[in-house]
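# Results of the structural survey
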Amino acid sequence: MMTTEITRPERTTTAGRWYLDRAGLDDLVAALAADGRTVIGPTVADGAIVYDEIRASADMPHGVGDVQVAGRYRLTKRDDARVFGYVVGPTSWKRWVFPPTIELNTGRRAGHRVEFAPIRPRPERLAFIGVRACEIAAFGVQDRVLDAGPFRDADYAARRASAFIVAVQCTTAETTCFCTSMGTGPEVESGFDLALTELDEGFLLDVGSPAGQQLVEGPLAKAIRPATPVEVYTAAADVAATRARIGDPLPTAGLHDRLLAQLDNPRWAQIAERCITCGNCTLACPTCFCTSVVQKTDMEGIGATNERSWDSCFSPGFARVAGGSFRSRPRDRYRQWLTHKFGTWWDQFGTAGCVGCGRCITWCPVGIDVREELMAIAPPIALSPEPTRVEPVAASFDDFVVAQVVATRLETADTVTLTLSGADPAFSKGSLGQFAMVSIPGFPPLPISISRFTVDGIELTIRGAGPATRAMCALKVGDQLGLRGPLGNNWPIDRAVGRDLVIVTGGIGLAPLRPVIHALAADRRRFGDVRLYYGARTPADILYREEMERWASRGGIEVHLTVDRAGPEWEGRVGVVTQLFDQAQWEGANAIAFVCGPERMMQATANTLAGRGVTTSRIYVTLERHMECGIGLCGHCQMGRFFVCRDGPVFSLEQLGDTFGREGI
Amino acid sequence: MAAMAQKADRGRPGEHGHAARGGTPRPRVGVVKLASCDGCQLTILDLEDHLLELSEHFEIVDFPEASSARSNGPYDVLFVEGSVSTPDHLRRIGELRKQARVLVTIGACATSGGIQALRNWADHDAYRAAVYPTPEYVESLARSTPISEHVSVDFELRGCPISPEQLIELLTALVTGRRPQLRDEAVCMECKRRGIVCVMSAQGIACLGQVTQTGCGAICPRMGRGCYGCFGPREQANAAGLARWFQASGERSAEEVGQLFAGFTAYAEPFRSAITDLGGTRGARRSGGGGFIAAGGTGAGRASYLAGTRRMEGIDDDGR
Amino acid sequence: MTAAESAAREKVYEVDELTRVEGEGSLVLQVRKGKVVEARLKIFEAPRYFEQLVVERTPDEVIDIVARICGICPVAYQMSAVHAFEDCFGVKVDPEVRALRRLLYCGEWIESHALHIYLLHLPDFLGYESAIALAQDDRPAVERGLRMKKVGNEILAILGGRPIHPVSVRVGGFSRAPRRSELEPLRAPLAQALEDAKETVRLVAGLAAPAFEREPRMVALHHPKEYPYNHGHIQSTDGLDLRPSDWDRAFREVQVEGTMALHARTKDGGTYLLGPASRIVLDAEQLHPVAREALAATGMVDAIRTNIYWSILARAVELIHAIAEAIDLIDSYRPPIEARVAWGPRPGVAAWATEAPRGLLFHRYEVDERGRVAHAQIVPPTSQNQGAIEDDLREFAPSVLDLPDDEATLRLEQLIRSYDPCISCATHFLDVRILRD
């Protein structure tokens, strides 16, 4: 049953692909140990996933996940027993192939003679379990820097060559991940001996080298069986979902040139006000290779040992010569680092110095995000929207799929929520803030925001303001309509992880934000304070009233309401929604805002938010334009360089720049 | 004065064939103190494995804590512990400087003014009156200051207390006649090299490691807590930037952020400015009120001595 | 001059500097017509206002700050503070945390006692100016002391990150507890240290101490089941028995006229002795069997009670105790389930006394409703011992007045060093003067 073929099988086939159940991890660890290797793998230590020596699978995390945002890392408890249910932690494999400190040689003076002796420890044989795609890419970068000639770091080469690599495909991602942008993951393609993809109860096991093959044929043979097509399919789907989740947070096309053209950008000085130049990013980075040699002398001052340690271009002394430092200002040092990683590294080594693992973002003590800085300093020439681009699912103008009304609910006197089932299965993959083109033959199709995703369909909340919408509101259970979608982009809820979120909306504008609130409530701990500011014309026009009470009472969401006009029974606020902010105590330095409403209201809100320290890059609005095709082909909704339907409808104010609120655009 | 005679000559330095390298006289070393806890000079005695070796390379001519032998200089190398905090210190430090070829300040007190420099934000008279019932006998200056504010300093060893490794490095550098290799980098660097998980990013603990000079071995993060800056600000420390982050990340008021810097090297810039910009120290604000001082005291007169002799019953471990 | 001449002419002796103590101070001995009319230990340590520095700080900040009162016994300050706050807030720590705190204190006692015996006090008995001078004639003896001192420091470093001003003591426990494997490397050096300590007892028991007899009131913590570090009751040789939080029911502080030092006295104005000698007298039953046996073999318990010069022996016996107990604690150590239990502050008075190497150290804090210190009082052992030191000097001085000046002052300094005075705590730089007018 053993295959002799060494190359990695195609993803779609099951030939030569194996299944190892979770208990089989112990067999894997034991097999590697029996091969005379010290096994290094993930462990839980001091509130993080730390790569350290392991002797059994019990030393590894079981059912542990993580949350990572800029400057913040927390372990979480998963509701399953997965061993690799997190992404990369603070340590990188650099620690083992390029240790923090090594002794290089000793020297000694004896009278007028001097002598030197190199220290060449024979590296231990190691095995790494749990190496992610970005980390394999990091080995590749280090190989180019340290072991591709013309000069080589023999110590690195020896350690690197001795390591057996058990890779793990990423089936989860965090907000700091951007391997997709750097072209390094999440799929592990090569550079491993064995690769695991974690499934519910075990792993899909792939072989990547003769050494891996030997293990599979030898000590692991009893622990594995051929994988089933379902296992192969599920593994591929999970990794693909990870790719989709990460999206493309850092458009890299032309980045090298863009960045190097910005050496005088004023942003460098602004970053330096935030950057502490502590060097954490460089030491957390799996590819940074700078070191310094310190000589330890004996008390006679005649014998010495040279010791090489990781150093950082952020330390003031790093570029110091007798006359001073070449990079004396913090801004110089930040610029040096970023332009090297994403620019000049290419010129020197034919690759970027960054693999998109996100460690420099998570472990920056003050939460500086290289992606944000790169986008600000060297914005893409054709700016693509920051919110995740959704792959088009309904590409043509007329691709309507029939759906059936299974429930209706009268929300207010003129607003109805339709629950639809039988919609295109694509809707089940839809995301928060998307819309559908809705058609009742006889009326022009209209874009309607999806106000809820259900198991087999969606909900639409529609205000009967014109003939078509009134017709929709009049539908009864059992009636049908046509749907095309889901369309447009989404609210960037991942950016809100770990931050406070402010949602400001009025009237029917709450509908596209309702799925956001549902998602927040389902995973509340990942977010900071969440505040909803909502305005309606009268108390009777307040949408989702009962639900709103649950959001406040059980969802951990602060709900603030105001109405334009009220009767005597109303004890709440009266006035426009921005007035609700007047008494608010919060500050927005850490907040992100989602705003949906008429453009004038959004403008006023944006001004108010800016006054509280929410920057334009963190204020998202949803634009309303005339849409017909919903896929950027008809031209109706063009706004400057965007098609609102395709590139939006969600935009950050930074993206929109001075086009937002400008008359006549 | 100095009736404390040299003991029988057998103890006198330099007479036992230990002179280093071809009979060159050993450098004359002194260790003296101003306002301090003695911990830094104790670090010299804590060089257990090197202490006796050290005495073969250096002639220790003044080290009152360890030896009755006294000299009043001159010194080839003089280690000074403690901050300048009394009128007498002001006078002494000028004299000591004249006696020392190389003057090395050791520890947070000598290099930054020490924890006692927190009084620099306060009303000194109120402090004095609060601690001592008859303050007029207490001679001290309104500010506790680093030695470098008064005389030139050749080398600094930071820390509360200093690091034995850095002390040895300085001593060997002095013996060899080279510059000591003392890294000017953040504690974070050593923390990361040691593979310690950042307590700030992973646990939300406030840590000053990023703005603090390395040298301690990142012991606080290693021990699961935040760095409290006892090695003082590193070169170009962006204390203001860190303070802004502490405030912006939402969990600490300006006052609390100020307290983070109000530790053992509070009076060193830029920690000093950070504290002042954030409103000074809490203790100083409080000591401004006379009512507090009056409330001081020793708890005297509450129970008689005899009352204390009553045997207590049912005492458990802690007397609870 | 001869002794007879000096007595007849009532001349003035001055000794400016007492060395090998931790701190700066001075002794003034007024001798008139061959009689001591006044003996006063003055301390000239620069004031640092610790009791003000801790005002408005949180309990954990206080633990860090008060350690800086003394670089020799920072753990003692941390221990008195942490127990005061835990007592006030009703915090119950894990039993293993309690054991770890004993181990931490063992480390400090070993370090401090080894330092004092070998580097500060032994040179007096053997006629050297310093341990470095002593090492040139008896290097093995000094190395023995340094070996023990080192293992004490290693305990402190493993538990607290560094020997001086360790960082891990927190209200509720420790910021981090060591793994068992981290304590393993201590076993071999501790086993060696135990032999070294036994040898130390033999060595110091054979020293010649000046003849002197005075039986002071002795005060120490007493615990029925263990030699006192952090727990027990304040007891005395004349029947005192107080909870460790209630020190101020029996004692009070006074500022001595003409100095900045605060001395402690019993409420009736009496002086008392703290430290190894007092503990040996009050707590001999609780000594580790190995230490008890070594003490018994010397047959010198009464000498310790009545002649302060023999405190060096008491210290050596305690060195055995601390080392032997450290070995036991490491043998039975299990990492605590919670290195640090959660706690909340309560307003009130937080007071506690623990046994610093040189004696009882009392802290008292008034804590406000936000858990910050509103008022602090710290009574170090040296300021409590000062009265007893002066009593001893008055008693002892007449016997040395006939000696040559340097001999006389050496004896007086040696007497003062017997108390292991930590003047950095009380204050620094001991300046001995004998004024004969």
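Everything numeric in this text was worked out from a predicted model, so none of it was measured. (Residues numbered from 1 in each chain as written. Chains lettered and ligands numbered in written order. Predicted model: local features only at pLDDT ≥ 70, side-chain atom pairs only at ≥ 80, totals over all residues. Heavy atoms only, no water.)

### Concerning the pairing of strand β4 (residues 64-69) of chain A
Residue and element names in this part refer to chain A. β4 sits mainly inside the fold: six of its six residues count as buried. Burial along β4 is two-sided: V64, D66 and Q68 facing one way and G65, V67 and V69 facing the other are all buried. Counted between consecutive antiparallel strands, the loop separating β4 from strand β5 (residues 72-77) contains two residues, among which G71 sits at a positive phi close to 80°. (Buried < 20%, exposed > 50% of the residue type's maximum accessible area, 1.4 Å probe, protein only. Helix = DSSP H or I, 4+ residues; strand = E, 2+ residues; numbered from the N terminus. Pairing = 2+ DSSP bridges.)

### Considerations on the confidence of the model for chain B
All names here are of chain B. Put simply, chain B has an average pLDDT of 80, and 78% of its residues get 70 or more. Taken as a whole, residues 1-22 scores under 50 in pLDDT and shows 46 contacts with residues more than four places along the chain or in a different chain. Taken as a whole, residues 288-320 scores under 50 in pLDDT and shows 65 contacts with residues more than four places along the chain or in a different chain. With a pTM of 0.76, the predicted complex shows an ipTM of 0.89. (pLDDT = per-residue confidence, 0-100. Contact = heavy atoms within 4.5 Å.)

### Let's talk about the sheet that holds strand β19 (residues 435-439) of chain A
All names here are of chain A. In spatial order, the strands read β17-β18-β21-β20-β19-β22; together these six strands close into a barrel with antiparallel pairing. With direction set aside, neighbouring strand axes in the sheet form an average angle of 45°. The pairing of β19 with strand β20 (residues 446-454) spans four bridges and is antiparallel. Along β20, the bridge assignment pairs A436 with I448. Of the strands in this sheet, β17 (401-412), β18 (415-421), β20 and β21 (457-463) are in contact with helix α15 (residues 514-522), which crosses β20 at around 20°. (Axes fitted to C-alpha atoms, helices over the stretch in contact; angles between N-to-C directions.)

### Some points on the interface of chain B and chain A
For an interface, size is often stated in terms of accessible area lost upon the parts coming together. Each partner contributes residues to the interface: chain B has 41 residues there, and chain A has 55 residues. Where chain B abuts chain A, roughly 3600 Å² becomes buried across the two surfaces, and 52% of that area is made up of carbon and sulfur atoms. It is K192, R193 and S201 of chain B in chain B that bury the most area against chain A; as a group they hold 18% of the surface buried on that side. Residue D311 of chain A pairs with R183 of chain B through a salt bridge whose shortest N-O separation is 3.8 Å. At the surface where chain B touches chain A, the tally comes to 18 residue pairs in polar contact (both at pLDDT 80 or more). Where the side of chain B that touches chain A is concerned, the elements lending two or more residues are α2 (48-57), α6 (164-176), α7 (187-193), α8 (199-203) and α10 (239-248) of chain B. A per-class count over the side of chain B that touches chain A returns 14 nonpolar, 13 polar and 14 charged. (Buried area = accessible area lost by both parts, 1.4 Å probe. Salt bridge = Lys/Arg side-chain N within 4 Å of Asp/Glu carboxyl O. Polar contact = N/O pair within 3.5 Å; in protein donor to acceptor, adjacent residues only side chain to side chain. Nonpolar A, V, L, I, M, F, W, Y, C, P; charged D, E, K, R; others polar.)

### Quick word on the domain arrangement of chain A
Residues and elements named next belong to chain A. Domain boundaries assigned for chain A yield domain 1 (15-246), domain 2 (256-377), domain 3 (401-487) and domain 4 (494-622). Computed from C-alpha coordinates alone, the two centres of domain 3 and domain 4 are separated by 24 Å. Between domain 3 and domain 4, the contact holds 17 residues from the first and 15 residues from the second. Of the roughly 1100 Å² buried where domain 3 meets domain 4, counting both sides, 58% is carbon and sulfur surface. Of all residues in domain 3, T412, L432 and S451 bury the most surface against domain 4, accounting for 35% of the area lost on that side. For the pair domain 3 and domain 4, the interface holds two salt bridges. Counting the contacts that link domain 3 with domain 4 gives four residue pairs in polar contact (both at pLDDT 80 or more). Sorting elements by how many residues they give to the side of domain 3 that touches domain 4 places β20 first, with five residues. Here the side of domain 3 that touches domain 4 is built from residues that sort into four nonpolar, seven polar and six charged. (Domains from an automatic or database assignment.)

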